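Single-letter residue listing:
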Amino acid sequence: PRMRTLLATPGARWLGDVSYGVFLWHVPLVLAVLGTRLVRPRTDVGFVVLCGLVVPASLLLGWLSRRLVEEPAIRWARGRSRGKPQAARR
């Protein structure tokens, strides 16, 4: 029950909603930051700086992807399935 309670919190639910976008964006962001050559990730400080830049940016882009791409696509798909017979939706 503790895990269920934790996963039901607004923060955990939000993170679950944006997780696919975070997954999509984190590697391009890491590559972009590394491409600047301003961060040396093989040092402890460099890794912390890299994470400090990439994690918030990934969360922001994941949220934007959710709001601007995923949610409209879900609404569109649900609208298309309304006109079909019940058996065809399964």
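Cut-off values and rules
- Residues numbered from 1 in each chain as written.
- Predicted model: local features only at pLDDT ≥ 70, side-chain atom pairs only at ≥ 80, totals over all residues.
- Heavy atoms only, no water.
- pLDDT = per-residue confidence, 0-100.
- Helix = DSSP H or I, 4+ residues; strand = E, 2+ residues; numbered from the N terminus.
- Buried < 20%, exposed > 50% of the residue type's maximum accessible area, 1.4 Å probe, protein only.
- Core = buried A, V, L, I, M, F, W, Y, C linked by side-chain atoms within 4.5 Å.
- Contact = heavy atoms within 4.5 Å.
- Salt bridge = Lys/Arg side-chain N within 4 Å of Asp/Glu carboxyl O.

Taken residue by residue, the protein chain gives an average pLDDT of 91. The fraction at 70 or more is 92%. Looking at the elements of the protein chain, mean pLDDT is at its lowest for helix α4 (residues 86-89), recorded as 57, and at its highest for helix α2 (residues 10-35), recorded as 96.

Turning our attention to the environment of Ile 74. Tracing the sequence through the fold places Ile 74 in helix α3 (residues 44-82). Classification of Ile 74 as partly exposed rests on a relative accessible area of 33%. Distance from Ile 74 to Pro 41, taken between C-alpha atoms, is 38 Å for residues 33 residues apart in sequence.

Turning our attention to the nonpolar core. Of all hydrophobic cores here, the largest spans 5 residues; its members are Leu 29, Val 33, Val 39, Leu 50 and Val 54. At the level of secondary structure, the elements contributing two or more residues to this core comprise α2 and α3. In this structure Val 54 touches His 26, Leu 29, Val 30 and Val 33, once residues within four positions along its chain are discounted.

Right, let's get into the pattern of salt bridges. The tally for this structure, following the rule as stated, stands at 3 salt bridges. Notably, a salt bridge pairs Arg 66 with Glu 70, separated by 3.4 Å at the nearest N-O pair. With Arg 66 and Glu 70 both in helix α3, this residue pair falls 4 residues apart, about one helical turn. Look at Glu 70 and you get buried, because its relative accessible area is 18%. Of the charged contacts, one joins Glu 71 and Arg 66 as a salt bridge, the two residues approaching to 3.6 Å between their closest N and O atoms. A relative accessible area of 23% means that Glu 71 is categorised as partly exposed. Salt bridges here are not isolated pairs; linked through shared partners, they connect Arg 66, Arg 67, Glu 70 and Glu 71.

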